[in-house]
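Fold and geometry: a report
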Amino acid sequence: MDLLQRDEKVIWHPFTQQKNRAPIIPIVSGKGSLLFDNKGNQYIDAISSWWVTLHGHAHPYIAEKIYQQALTLEQVIFAGFTHEPAIALAERLLTILPADYSKIFYSDNGSTSTEVAIKMAIQYWWNKGNRQRKKILAFNNSYHGDTFGAMSVSDRSVFTLAFQDLLFEVIFIDTPTQENISELKSIIHKEGNNIAAFIYEPLVQGAGGMKMYNPYLMNELLNTVKEASIICIADEVMTGFGRTGKFFASAYLNKKPDIICMSKGLTGGTMALGATACTNDIYMAYVEDDAMKTFFHGHSFTANPIACTAAMASLDLLEDPACISQIDWLSKSINEFAHSLNNHPGIKNVRCLGTILAFELNQGKDEYLNTISKEITQFCLENGIYLRPLGNSIYIMPPYCINNAELCSIFEVIHKILTKFSN
Ligand SMILES: *Cc1c(COP(=O)(O)O)cnc(C)c1O
(Lines give C-alpha, C1' and ligand atoms only; values in the text may rest on other atoms or scores of the structure.)
Protein backbone atom coordinates (compact mmCIF):
# COMPACT_ATOMS: atom_id res chain seq x y z
CA MET A 1 0.00 0.00 0.00
CA ASP A 2 1.22 3.50 -0.74
CA LEU A 3 1.18 6.30 1.80
CA LEU A 4 -2.16 7.68 0.65
CA GLN A 5 -3.97 4.39 1.00
CA ARG A 6 -2.43 3.77 4.41
CA ASP A 7 -3.37 7.30 5.48
CA GLU A 8 -6.95 6.92 4.34
CA LYS A 9 -7.27 3.72 6.35
CA VAL A 10 -6.17 5.08 9.70
CA ILE A 11 -6.12 8.88 9.78
CA TRP A 12 -8.76 11.51 10.41
CA HIS A 13 -7.43 14.91 9.31
CA PRO A 14 -8.18 18.27 11.00
CA PHE A 15 -10.62 20.71 9.41
CA THR A 16 -11.24 18.15 6.66
CA GLN A 17 -14.52 16.63 5.52
CA GLN A 18 -13.56 12.97 5.28
CA LYS A 19 -16.08 12.06 2.58
CA ASN A 20 -14.75 12.81 -0.90
CA ARG A 21 -11.57 14.18 0.63
CA ALA A 22 -9.68 16.61 -1.50
CA PRO A 23 -6.42 15.00 -2.58
CA ILE A 24 -3.87 15.13 0.20
CA ILE A 25 -0.15 15.02 -0.29
CA PRO A 26 2.44 12.99 1.58
CA ILE A 27 5.31 15.29 2.48
CA VAL A 28 8.63 13.58 3.01
CA SER A 29 10.91 16.49 3.85
CA GLY A 30 11.31 20.23 4.04
CA LYS A 31 14.13 22.69 3.63
CA GLY A 32 13.89 26.45 4.04
CA SER A 33 10.65 27.63 2.45
CA LEU A 34 10.23 24.39 0.52
CA LEU A 35 8.25 21.22 1.13
CA PHE A 36 9.01 18.07 -0.86
CA ASP A 37 6.41 15.39 -1.56
CA ASN A 38 6.84 11.66 -2.12
CA LYS A 39 6.82 12.11 -5.89
CA GLY A 40 9.67 14.57 -5.94
CA ASN A 41 7.52 17.70 -6.38
CA GLN A 42 8.41 20.78 -4.41
CA TYR A 43 6.12 23.46 -3.03
CA ILE A 44 6.87 26.89 -1.60
CA ASP A 45 5.16 27.01 1.77
CA ALA A 46 3.49 30.43 1.36
CA ILE A 47 1.51 30.16 4.61
CA SER A 48 4.29 28.87 6.87
CA SER A 49 2.48 25.57 7.50
CA TRP A 50 -0.55 27.12 9.22
CA TRP A 51 1.37 30.19 10.39
CA VAL A 52 4.01 28.51 12.51
CA THR A 53 7.23 28.20 10.50
CA LEU A 54 9.49 31.23 10.91
CA HIS A 55 13.01 30.26 9.86
CA GLY A 56 12.13 27.56 7.37
CA HIS A 57 11.68 23.82 7.59
CA ALA A 58 14.22 21.46 9.15
CA HIS A 59 16.46 24.30 10.25
CA PRO A 60 19.82 22.72 11.19
CA TYR A 61 20.51 25.08 14.12
CA ILE A 62 17.18 24.35 15.82
CA ALA A 63 17.44 20.65 14.92
CA GLU A 64 20.84 20.35 16.58
CA LYS A 65 19.62 22.07 19.78
CA ILE A 66 16.59 19.78 19.88
CA TYR A 67 18.81 16.73 19.45
CA GLN A 68 21.19 17.78 22.21
CA GLN A 69 18.31 18.52 24.59
CA ALA A 70 16.67 15.17 23.80
CA LEU A 71 19.90 13.47 24.83
CA THR A 72 20.00 15.46 28.08
CA LEU A 73 16.43 15.74 29.39
CA GLU A 74 13.44 15.07 27.15
CA GLN A 75 10.57 15.58 29.59
CA VAL A 76 9.89 15.94 33.30
CA ILE A 77 6.78 16.65 35.37
CA PHE A 78 6.59 20.42 35.85
CA ALA A 79 4.82 20.46 39.22
CA GLY A 80 7.53 20.04 41.83
CA PHE A 81 10.34 20.11 39.29
CA THR A 82 11.86 22.75 37.07
CA HIS A 83 14.63 22.93 34.48
CA GLU A 84 17.02 25.28 32.73
CA PRO A 85 15.24 25.47 29.32
CA ALA A 86 11.92 26.55 30.92
CA ILE A 87 13.58 29.12 33.18
CA ALA A 88 15.85 30.53 30.48
CA LEU A 89 12.96 30.82 28.01
CA ALA A 90 10.72 32.56 30.57
CA GLU A 91 13.52 35.00 31.44
CA ARG A 92 14.02 35.74 27.78
CA LEU A 93 10.32 36.11 26.93
CA LEU A 94 9.89 38.55 29.80
CA THR A 95 12.61 40.76 28.31
CA ILE A 96 11.13 40.83 24.78
CA LEU A 97 7.42 41.11 25.62
CA PRO A 98 5.97 44.56 24.84
CA ALA A 99 5.32 45.56 28.47
CA ASP A 100 6.08 44.50 32.04
CA TYR A 101 5.01 40.98 32.85
CA SER A 102 6.10 38.97 35.83
CA LYS A 103 5.33 35.32 35.11
CA ILE A 104 5.13 32.83 32.26
CA PHE A 105 2.64 29.95 32.50
CA TYR A 106 3.45 27.16 30.05
CA SER A 107 1.09 24.87 28.16
CA ASP A 108 1.44 23.10 24.85
CA ASN A 109 -0.48 24.83 22.05
CA GLY A 110 -2.36 27.98 21.09
CA SER A 111 -5.79 26.86 22.30
CA THR A 112 -4.40 25.95 25.71
CA SER A 113 -2.56 29.27 25.93
CA THR A 114 -5.91 31.07 25.51
CA GLU A 115 -7.74 28.64 27.84
CA VAL A 116 -5.12 29.39 30.48
CA ALA A 117 -5.55 33.14 29.92
CA ILE A 118 -9.33 33.02 30.21
CA LYS A 119 -9.27 30.84 33.33
CA MET A 120 -6.53 32.99 34.86
CA ALA A 121 -8.61 36.14 34.32
CA ILE A 122 -11.87 34.69 35.61
CA GLN A 123 -10.30 33.18 38.71
CA TYR A 124 -8.46 36.45 39.34
CA TRP A 125 -11.81 38.07 40.15
CA TRP A 126 -13.01 35.01 42.05
CA ASN A 127 -9.87 35.01 44.18
CA LYS A 128 -10.48 38.67 44.93
CA GLY A 129 -13.99 37.87 46.15
CA ASN A 130 -15.66 39.56 43.18
CA ARG A 131 -18.48 37.23 42.09
CA GLN A 132 -19.93 39.64 39.58
CA ARG A 133 -17.22 39.82 36.92
CA LYS A 134 -17.69 36.57 35.02
CA LYS A 135 -18.41 37.55 31.46
CA ILE A 136 -15.89 37.69 28.66
CA LEU A 137 -15.84 40.38 26.03
CA ALA A 138 -14.62 39.35 22.57
CA PHE A 139 -14.70 40.44 18.96
CA ASN A 140 -17.05 39.20 16.31
CA ASN A 141 -15.11 37.23 13.70
CA SER A 142 -12.53 36.22 16.30
CA TYR A 143 -10.73 32.89 16.58
CA HIS A 144 -8.99 31.75 19.75
CA GLY A 145 -8.80 27.99 19.31
CA ASP A 146 -10.83 24.80 19.19
CA THR A 147 -11.18 23.64 22.80
CA PHE A 148 -14.42 24.54 24.61
CA GLY A 149 -13.33 27.71 26.36
CA ALA A 150 -11.44 28.91 23.32
CA MET A 151 -14.44 28.07 21.13
CA SER A 152 -16.76 29.96 23.47
CA VAL A 153 -14.80 33.19 23.07
CA SER A 154 -14.49 32.68 19.31
CA ASP A 155 -17.00 33.90 16.77
CA ARG A 156 -20.05 31.67 16.40
CA SER A 157 -19.44 30.13 13.00
CA VAL A 158 -19.48 26.86 11.10
CA PHE A 159 -16.62 25.82 13.39
CA THR A 160 -18.83 26.05 16.50
CA LEU A 161 -22.33 25.33 15.14
CA ALA A 162 -22.78 21.85 16.63
CA PHE A 163 -21.74 23.08 20.08
CA GLN A 164 -23.70 26.34 20.13
CA ASP A 165 -25.86 25.51 23.16
CA LEU A 166 -22.91 24.34 25.22
CA LEU A 167 -20.71 27.40 24.80
CA PHE A 168 -20.67 29.97 27.58
CA GLU A 169 -22.14 33.38 27.06
CA VAL A 170 -19.84 36.03 25.67
CA ILE A 171 -20.43 39.67 24.85
CA PHE A 172 -19.40 40.03 21.23
CA ILE A 173 -18.61 43.40 19.70
CA ASP A 174 -17.37 44.42 16.26
CA THR A 175 -13.79 45.51 15.76
CA PRO A 176 -13.64 49.29 16.12
CA THR A 177 -14.46 51.64 13.25
CA GLN A 178 -15.04 55.38 13.09
CA GLU A 179 -18.78 54.63 12.85
CA ASN A 180 -19.17 52.21 15.77
CA ILE A 181 -16.57 53.33 18.30
CA SER A 182 -18.96 55.35 20.47
CA GLU A 183 -21.47 52.50 20.51
CA LEU A 184 -18.72 50.06 21.56
CA LYS A 185 -17.70 52.36 24.36
CA SER A 186 -21.24 52.62 25.64
CA ILE A 187 -21.56 48.81 25.71
CA ILE A 188 -18.44 48.71 27.87
CA HIS A 189 -19.70 51.48 30.13
CA LYS A 190 -22.96 49.61 30.60
CA GLU A 191 -21.60 46.06 31.06
CA GLY A 192 -18.15 46.85 32.46
CA ASN A 193 -18.79 45.63 36.00
CA ASN A 194 -19.89 42.22 34.75
CA ILE A 195 -16.91 41.69 32.50
CA ALA A 196 -13.87 39.78 33.73
CA ALA A 197 -11.75 40.05 30.62
CA PHE A 198 -11.53 41.20 27.04
CA ILE A 199 -9.78 38.81 24.65
CA TYR A 200 -8.66 40.01 21.22
CA GLU A 201 -6.32 39.22 18.37
CA PRO A 202 -4.29 42.42 18.12
CA LEU A 203 -4.73 44.15 14.75
CA VAL A 204 -5.18 40.99 12.63
CA GLN A 205 -8.01 38.47 12.96
CA GLY A 206 -6.31 35.37 11.55
CA ALA A 207 -8.74 32.50 11.04
CA GLY A 208 -11.54 35.05 10.54
CA GLY A 209 -9.96 35.79 7.16
CA MET A 210 -6.86 37.89 7.98
CA LYS A 211 -9.09 40.89 8.66
CA MET A 212 -7.15 43.91 9.88
CA TYR A 213 -8.42 46.81 11.95
CA ASN A 214 -7.35 50.29 12.92
CA PRO A 215 -4.73 50.64 15.70
CA TYR A 216 -5.78 54.19 16.69
CA LEU A 217 -9.37 53.18 17.24
CA MET A 218 -8.19 50.05 19.04
CA ASN A 219 -6.20 52.29 21.40
CA GLU A 220 -9.37 54.23 22.10
CA LEU A 221 -11.30 51.06 22.74
CA LEU A 222 -8.59 49.64 24.99
CA ASN A 223 -8.61 52.90 26.95
CA THR A 224 -12.27 52.46 27.75
CA VAL A 225 -11.79 48.78 28.54
CA LYS A 226 -8.93 49.58 30.92
CA GLU A 227 -10.90 52.36 32.59
CA ALA A 228 -13.57 49.75 33.33
CA SER A 229 -10.86 47.62 35.04
CA ILE A 230 -11.40 44.79 32.58
CA ILE A 231 -8.42 42.44 32.16
CA CYS A 232 -7.03 42.69 28.63
CA ILE A 233 -5.90 39.44 27.01
CA ALA A 234 -3.94 39.78 23.76
CA ASP A 235 -4.06 36.55 21.80
CA GLU A 236 -0.72 36.85 19.98
CA VAL A 237 -0.70 33.18 18.98
CA MET A 238 -0.59 34.12 15.31
CA THR A 239 0.72 37.70 15.45
CA GLY A 240 3.67 37.06 17.78
CA PHE A 241 7.37 36.73 16.94
CA GLY A 242 7.70 39.20 14.09
CA ARG A 243 4.67 38.30 11.96
CA THR A 244 3.31 41.82 11.87
CA GLY A 245 6.73 43.45 11.42
CA LYS A 246 7.21 44.05 15.15
CA PHE A 247 8.06 41.39 17.70
CA PHE A 248 4.47 41.52 18.97
CA ALA A 249 1.46 43.23 17.39
CA SER A 250 0.67 44.74 20.81
CA ALA A 251 3.76 46.90 20.30
CA TYR A 252 1.73 48.91 17.76
CA LEU A 253 -0.76 49.81 20.50
CA ASN A 254 -0.31 52.24 23.43
CA LYS A 255 -2.42 50.28 25.84
CA LYS A 256 -0.71 47.06 26.78
CA PRO A 257 -2.49 43.83 27.61
CA ASP A 258 -2.44 42.30 31.12
CA ILE A 259 -2.09 38.82 29.67
CA ILE A 260 -0.43 37.68 26.43
CA CYS A 261 -0.96 34.30 24.73
CA MET A 262 1.79 32.79 22.59
CA SER A 263 2.29 29.63 20.54
CA LYS A 264 2.70 28.98 16.77
CA GLY A 265 5.92 30.91 16.06
CA LEU A 266 7.16 30.52 19.64
CA THR A 267 9.35 27.53 18.73
CA GLY A 268 9.93 28.77 15.19
CA GLY A 269 7.22 26.28 14.26
CA THR A 270 9.19 23.20 15.25
CA MET A 271 7.64 21.92 18.50
CA ALA A 272 4.25 22.25 20.18
CA LEU A 273 4.45 24.81 22.97
CA GLY A 274 2.15 27.40 24.48
CA ALA A 275 2.95 30.22 26.87
CA THR A 276 0.76 32.71 28.70
CA ALA A 277 2.40 35.77 30.25
CA CYS A 278 0.72 37.78 33.00
CA THR A 279 1.35 40.95 34.98
CA ASN A 280 2.36 40.88 38.61
CA ASP A 281 -1.08 42.13 39.62
CA ILE A 282 -2.74 39.06 38.08
CA TYR A 283 -0.16 36.74 39.60
CA MET A 284 -0.45 38.22 43.10
CA ALA A 285 -4.16 37.37 43.23
CA TYR A 286 -3.05 33.73 43.36
CA VAL A 287 -0.39 34.09 46.03
CA GLU A 288 -2.59 33.33 49.03
CA ASP A 289 -2.75 31.09 52.10
CA ASP A 290 -6.09 29.73 50.94
CA ALA A 291 -5.43 26.54 48.90
CA MET A 292 -8.68 27.17 46.99
CA LYS A 293 -7.00 30.13 45.38
CA THR A 294 -4.48 27.92 43.60
CA PHE A 295 -4.51 27.95 39.80
CA PHE A 296 -5.51 24.34 39.20
CA HIS A 297 -4.36 23.98 35.65
CA GLY A 298 -1.61 22.05 33.90
CA HIS A 299 -0.86 19.69 31.04
CA SER A 300 1.30 16.59 30.87
CA PHE A 301 3.70 18.33 28.52
CA THR A 302 3.70 21.71 30.27
CA ALA A 303 7.09 23.34 29.61
CA ASN A 304 8.47 20.33 27.76
CA PRO A 305 12.26 20.81 27.83
CA ILE A 306 12.76 20.00 24.13
CA ALA A 307 10.06 22.48 23.14
CA CYS A 308 11.51 25.19 25.40
CA THR A 309 14.96 24.55 23.90
CA ALA A 310 13.52 24.83 20.40
CA ALA A 311 11.96 28.17 21.39
CA MET A 312 15.33 29.41 22.70
CA ALA A 313 16.99 28.38 19.44
CA SER A 314 14.27 30.11 17.42
CA LEU A 315 14.76 33.30 19.45
CA ASP A 316 18.52 33.10 18.79
CA LEU A 317 17.76 33.14 15.08
CA LEU A 318 15.01 35.74 15.38
CA GLU A 319 17.21 38.20 17.26
CA ASP A 320 20.02 37.86 14.70
CA PRO A 321 20.25 41.14 12.74
CA ALA A 322 20.18 39.09 9.54
CA CYS A 323 16.72 37.79 10.41
CA ILE A 324 15.48 41.21 11.44
CA SER A 325 16.54 42.73 8.13
CA GLN A 326 15.00 39.76 6.34
CA ILE A 327 11.66 40.51 8.07
CA ASP A 328 12.01 44.17 7.04
CA TRP A 329 12.75 43.21 3.45
CA LEU A 330 9.84 40.74 3.36
CA SER A 331 7.45 43.31 4.86
CA LYS A 332 8.56 45.92 2.35
CA SER A 333 8.22 43.56 -0.62
CA ILE A 334 4.77 42.49 0.51
CA ASN A 335 3.74 46.10 1.00
CA GLU A 336 4.88 47.03 -2.50
CA PHE A 337 3.08 44.05 -3.98
CA ALA A 338 -0.09 45.01 -2.07
CA HIS A 339 0.10 48.49 -3.64
CA SER A 340 0.48 47.00 -7.09
CA LEU A 341 -2.75 45.03 -6.53
CA ASN A 342 -4.74 47.94 -5.21
CA ASN A 343 -6.68 48.86 -8.30
CA HIS A 344 -7.25 45.38 -9.60
CA PRO A 345 -10.91 45.08 -10.56
CA GLY A 346 -11.34 41.43 -9.51
CA ILE A 347 -10.44 41.86 -5.87
CA LYS A 348 -11.20 44.02 -2.85
CA ASN A 349 -9.86 44.95 0.60
CA VAL A 350 -6.19 44.52 -0.22
CA ARG A 351 -4.39 44.82 3.10
CA CYS A 352 -1.06 44.01 4.64
CA LEU A 353 0.74 44.25 7.94
CA GLY A 354 4.34 43.13 8.27
CA THR A 355 4.76 39.75 6.60
CA ILE A 356 1.01 39.18 6.08
CA LEU A 357 -0.82 40.08 2.87
CA ALA A 358 -4.53 39.42 2.27
CA PHE A 359 -7.37 40.35 -0.06
CA GLU A 360 -10.76 39.02 -1.12
CA LEU A 361 -11.86 37.89 -4.53
CA ASN A 362 -14.98 39.68 -5.68
CA GLN A 363 -16.17 36.33 -6.88
CA GLY A 364 -17.64 33.89 -4.38
CA LYS A 365 -19.00 34.47 -0.93
CA ASP A 366 -16.91 35.54 2.02
CA GLU A 367 -17.43 32.33 3.94
CA TYR A 368 -15.20 29.53 5.09
CA LEU A 369 -17.02 26.74 3.24
CA ASN A 370 -16.73 28.51 -0.09
CA THR A 371 -15.36 25.80 -2.41
CA ILE A 372 -13.30 28.27 -4.42
CA SER A 373 -10.69 27.92 -1.67
CA LYS A 374 -10.03 24.28 -2.55
CA GLU A 375 -9.87 25.04 -6.26
CA ILE A 376 -7.30 27.75 -5.65
CA THR A 377 -5.22 25.51 -3.39
CA GLN A 378 -5.21 22.83 -6.09
CA PHE A 379 -4.30 25.33 -8.80
CA CYS A 380 -1.44 26.74 -6.73
CA LEU A 381 -0.07 23.27 -5.93
CA GLU A 382 0.10 22.58 -9.64
CA ASN A 383 2.20 25.74 -9.84
CA GLY A 384 4.52 24.72 -7.03
CA ILE A 385 3.05 26.96 -4.32
CA TYR A 386 1.13 26.02 -1.20
CA LEU A 387 -1.69 28.47 -0.42
CA ARG A 388 -4.84 27.81 1.58
CA PRO A 389 -7.39 30.61 1.21
CA LEU A 390 -9.96 31.18 3.96
CA GLY A 391 -13.14 31.15 1.88
CA ASN A 392 -12.57 33.78 -0.79
CA SER A 393 -9.90 35.52 1.30
CA ILE A 394 -6.52 34.84 -0.20
CA TYR A 395 -3.54 35.48 2.01
CA ILE A 396 0.15 34.79 2.20
CA MET A 397 2.36 34.59 5.27
CA PRO A 398 5.72 33.17 4.16
CA PRO A 399 8.54 31.97 6.40
CA TYR A 400 11.03 34.78 7.08
CA CYS A 401 13.81 32.84 5.32
CA ILE A 402 12.07 33.01 1.94
CA ASN A 403 14.32 34.30 -0.85
CA ASN A 404 13.50 36.80 -3.56
CA ALA A 405 13.01 34.22 -6.32
CA GLU A 406 10.61 32.22 -4.16
CA LEU A 407 8.68 35.31 -3.15
CA CYS A 408 8.40 36.36 -6.80
CA SER A 409 7.01 32.91 -7.64
CA ILE A 410 4.29 33.45 -5.03
CA PHE A 411 3.46 36.87 -6.47
CA GLU A 412 3.36 35.33 -9.94
CA VAL A 413 0.93 32.64 -8.89
CA ILE A 414 -1.28 35.29 -7.30
CA HIS A 415 -1.41 37.06 -10.66
CA LYS A 416 -2.35 33.76 -12.26
CA ILE A 417 -5.12 33.29 -9.68
CA LEU A 418 -6.45 36.73 -10.52
CA THR A 419 -6.53 35.88 -14.20
CA LYS A 420 -8.18 32.53 -13.66
CA PHE A 421 -10.58 33.08 -10.76
CA SER A 422 -11.52 36.74 -10.54
CA ASN A 423 -13.92 37.65 -13.30
C1 LIG B 1 -4.07 29.22 15.72
C2 LIG B 1 -4.61 30.12 16.74
C3 LIG B 1 -5.04 29.66 17.99
C4 LIG B 1 -5.06 28.19 18.32
O5 LIG B 1 -3.80 27.64 18.34
P6 LIG B 1 -3.63 26.04 18.19
O7 LIG B 1 -2.21 25.78 18.47
O8 LIG B 1 -4.05 25.72 16.78
O9 LIG B 1 -4.55 25.41 19.19
C10 LIG B 1 -5.47 30.57 18.92
N11 LIG B 1 -5.49 31.88 18.64
C12 LIG B 1 -5.09 32.38 17.46
C13 LIG B 1 -5.11 33.85 17.23
C14 LIG B 1 -4.66 31.52 16.46
O15 LIG B 1 -4.29 32.01 15.26
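Scroll up to find the structure this text is about.
These lines cover the structure that appears in this document, whether it is placed above or below. As the structure is a prediction and not an experimental result, all values here were calculated from the model. (Residues numbered from 1 in each chain as written. Predicted model: local features only at pLDDT ≥ 70, side-chain atom pairs only at ≥ 80, totals over all residues. Heavy atoms only, no water.)

So, about the pattern of salt bridges. Here the structure, examined in full by the defined rule, presents 10 salt bridges. The closest approach of N and O atoms between Arg92 and Glu319, which form a salt bridge, is 2.9 Å. Of this pair, Arg92 sits in helix α4 (residues 84-96) while Glu319 sits in helix α10 (residues 305-319), and the two are 227 residues apart along the sequence. Residue Glu319 is classed as partly exposed on the basis of its relative accessible area of 32%. Put simply, Glu220 and Lys185 hold a salt bridge, and the shortest N to O gap is 2.8 Å. Here Glu220 is found in helix α8 (residues 215-227), whereas its partner Lys185 is found in helix α7 (residues 181-191), with 35 residues between them in sequence. Note on Lys185: relative accessible area 23%, which makes it partly exposed. (Salt bridge = Lys/Arg side-chain N within 4 Å of Asp/Glu carboxyl O. Helix = DSSP H or I, 4+ residues; strand = E, 2+ residues; numbered from the N terminus. Buried < 20%, exposed > 50% of the residue type's maximum accessible area, 1.4 Å probe, protein only.)

The ligand sits among Trp51, Asn109, Gly110, Ser111, Tyr143, His144, Gly145, Glu201, Asp235, Val237, Met238 and Lys264. A distance of 3.3 Å separates an oxygen atom of the ligand from a polar atom in the side chain of Asn109. Taking 380 Å² as the accessible area of the ligand by itself, protein coverage stands at 84%. A per-class count over the shell around the ligand returns four nonpolar, five polar and three charged. (Near = heavy atom within 4 Å. Polar contact = N/O pair within 3.5 Å; in protein donor to acceptor, adjacent residues only side chain to side chain. Areas by Shrake-Rupley, 256 points an atom, 1.4 Å probe, with all protein chains shown as cover. Nonpolar A, V, L, I, M, F, W, Y, C, P; charged D, E, K, R; others polar.)

On to the sheet that holds strand β1 (residues 27-31). Strand order in the open sheet made by the four strands is β1-β2-β3-β15, with mixed pairing throughout. Edge positions in the open sheet fall to β1 and β15 (385-386), since each of these has one partner strand only. In the sheet, strand β2 (residues 34-37) pairs with strand β3 (residues 42-45) via three bridges, with the strands oriented antiparallel. In the sheet register, Phe36 faces β3, and the bridge partner there is Gln42. (Pairing = 2+ DSSP bridges.)

Let's shift gears to the nonpolar core. Counting 91 residues, the largest nonpolar core has Leu93, Tyr106, Phe198, Met210, Leu221, Phe241 and Met262 as its most contacted members. If you tally residues by element for this core, the top one is helix α13 (residues 404-421), at eight residues. Counting the residues that make up this core, at least three belong to each of domain 1 (3-58 + 321-421) and domain 2 (64-318). (Core = buried A, V, L, I, M, F, W, Y, C linked by side-chain atoms within 4.5 Å. Domains from an automatic or database assignment.)

Let us look at the environment of Trp126. Mapped onto the secondary structure, Trp126 falls in helix α5 (residues 110-127). In this structure the C-alpha to C-alpha distance between Trp126 and Gln75, which are 51 residues apart in sequence, comes to 33 Å. With sequence-adjacent residues up to four places away left out, Trp126 is seen in contact with Arg131, Met292 and Lys293. (Contact = heavy atoms within 4.5 Å.)

Any functional reading would require information that these geometric values do not contain.
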